[in-house]
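Chain by chain, the residues run as shown.
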Amino acid sequence: MPMISRTFRAAMVAAGLTALVAGPAAAQQCGGDFSQFLSGVKAEAMQRGLSAQAADAVLSGASVSQSVLNRDRAQGVFKQTFLEFSQRTASAARLNIGKQKIQQLSSTFDRARREYGVPAGVLTAFWAMETDFGAVQGDFNTRDALVTLSYDCRRPEIFRPQLLALIEMTQHGDFDPATETGAWAGELGQVQMLPEDIIHFGVDGDGDGHVRVKKSSPDALLTAANYIRSLGWRAGEPWIQEVTLPASLPWDKTGFGGGLTAAQWFKLGVTPRDGNTKFANLPVALLMPQGRFGPSFLAYPNFNVYLQWNQSFIYTTSVAYFATRFEGAPAYNKGNPEPGLSDGQMKQLQQTLARKGYDVGKVDGILGAGTRDAVRDVQMQLGVPADGWPTPALLQALR
């Protein structure tokens, strides 16, 4: 996995809301005597109508995994630029393999478009990015990973429901708890989904009566398509479109929340490289991952689905761009972005912005949404184009 997996990020976002309803009672269901903890999970599973046999199949032999705890406490951070990450992951080799997969599984992709409105390129890009078309699905025992994270008292309200869903998958004959593996945070399968999502959106794509997202590509892809539709995917509409920019723009309207339609940007001189203005009436965000001299994109409403899949701006922009490549778009124009900041310089910038009253979150050297918004604001104050891309010159000006 190239980064913190998207389902774990989504779970973390949901944690605040979940905790409000879970309350102290949920927190009391973790830690303590391990045998009593497992007995409590089994009792809850049976209260939900699941069988004792399925619960025993999952929980008997389960153990706390120190390697999972180590990964949880030492999560990596994502500091690559858009050009670095997208060129490494959305490679020509992966593009060729993906096109072959689309041909090989044409009936599956046709069904995904017909029943769920999700194009082949969208699914294939996620498939490539998440597991390299199923080749790298993770080597953590999924049962032990979810038992560990449910027993650990940091976020049991996130992971205990996933453990119960895993018992349900086992009862359906869709999961072997003793042998099946996945990511450290419990995601599994060729498109890396959590058990609750598989239960809710699982599709038997190959017609064998089971939903086995690890072994069956049709099952994994159609389950992902059903899930994507549930996130609000709008069939027949674009998600991202590369554009070229004029020298002057209302920079305060760029980024998310600018409030302009594609037609309004076109009128201002923003030009789609593919020449397609069919969806000019839709609201869009003008995104510049590495500033106005690098690749630029209009993000349509479907881009919100990518942000729900994974909150990393670089990941979502990269996978959305990769999806357009599978749908026939050319490679982006790399442009000539201004040099960015080193890790140390980015932390200095965040500290400076925080002292000025901006909410940049944790000072971690990551150009996240809060830091980008603050950079755009100070750029406007300094009278320079507010493209949200911090440079050494900007850092010097703020000093």
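Cut-offs used in this document
Residues numbered from 1 in each chain as written. Predicted model: local features only at pLDDT ≥ 70, side-chain atom pairs only at ≥ 80, totals over all residues. Heavy atoms only, no water. Helix = DSSP H or I, 4+ residues; strand = E, 2+ residues; numbered from the N terminus. Expected span 1.5 Å × (residues − 1). Buried < 20%, exposed > 50% of the residue type's maximum accessible area, 1.4 Å probe, protein only. Arc of directions from axis to C-beta. Contact = heavy atoms within 4.5 Å. Disulfide = S-S within 2.5 Å. Domains from an automatic or database assignment. Buried area = accessible area lost by both parts, 1.4 Å probe. Salt bridge = Lys/Arg side-chain N within 4 Å of Asp/Glu carboxyl O. Polar contact = N/O pair within 3.5 Å; in protein donor to acceptor, adjacent residues only side chain to side chain. Nonpolar A, V, L, I, M, F, W, Y, C, P; charged D, E, K, R; others polar.

(A) Broad picture of helix α16 (residues 343-355). Compared with the 18 Å implied by 1.5 Å per residue over 13 residues, the 19 Å span of α16 between its first and last C-alpha is a close match. Among the residues of α16, M346, L349, Q350, T352 and L353 are the ones counted as buried. Relative to the axis of α16, the buried residues are bounded by an arc of 160 degrees and lie together on one face. Contacts from the buried residues of α16 go to α17 (369-382) and α18 (392-398). Backbone geometry just after α16 places G357 at a positive phi near 100 degrees.

(B) Seen up close, the state of the cysteines. Tallying each qualifying case throughout the model produces one disulfide. Note that C30 is cross-linked by a disulfide to C153, the S-S spacing being 2.0 Å. Judged by the torsion about the S-S bond (115 degrees), the C30/C153 disulfide is right-handed. In this pair, C30 is assigned in the loop between α1 (6-27) and α2 (34-47) and C153 in the loop between α9 (142-151) and α10 (156-171), connecting sequence segments 123 residues apart. Exposure remark for C153: the relative accessible area of 47% places this residue in the partly exposed category.

(C) Main features of the domain arrangement of the chain. Taken domain by domain, the chain comprises domain 1 (31-76 + 138-187), domain 2 (91-134 + 191-233), domain 3 (240-327) and domain 4 (343-398). A separation of 25 Å is found between the C-alpha centroids of domain 1 and domain 2. Each side of the interface is counted separately: domain 1 has 16 residues, and domain 2 has 11 residues. Taking both partners together, domain 1 and domain 2 bury about 1200 Å²; carbon and sulfur atoms supply 57% of that area. The interface formed by domain 1 and domain 2 contains zero salt bridges. Between the two partners, domain 1 and domain 2, sit seven residue pairs in polar contact (both at pLDDT 80 or more). Sorting elements by how many residues they give to the side of domain 1 that touches domain 2 places α10 first, with six residues. Its residues placed into classes, the side of domain 1 that touches domain 2 shows seven nonpolar, five polar and four charged.

(D) Geometry of the pattern of salt bridges. Across all of its chains, the model carries 18 salt bridges by this definition. When the shortest N-O distance is used, the salt bridge between D56 and K42 registers 3.0 Å. Of this pair, D56 sits in helix α3 (residues 52-59) while K42 sits in helix α2, placing them 14 residues apart in sequence. On the accessibility criterion, D56 (32% relative accessible area) is partly exposed. By relative accessible area, which is 25% here, K42 ends up partly exposed. Two residues, E44 and R160, come together in a salt bridge whose shortest N-O distance is 2.7 Å. Of the two residues, E44 sits in helix α2 while R160 sits in helix α10, which places them 116 residues apart along the sequence. We note that E44, like R160, is buried.

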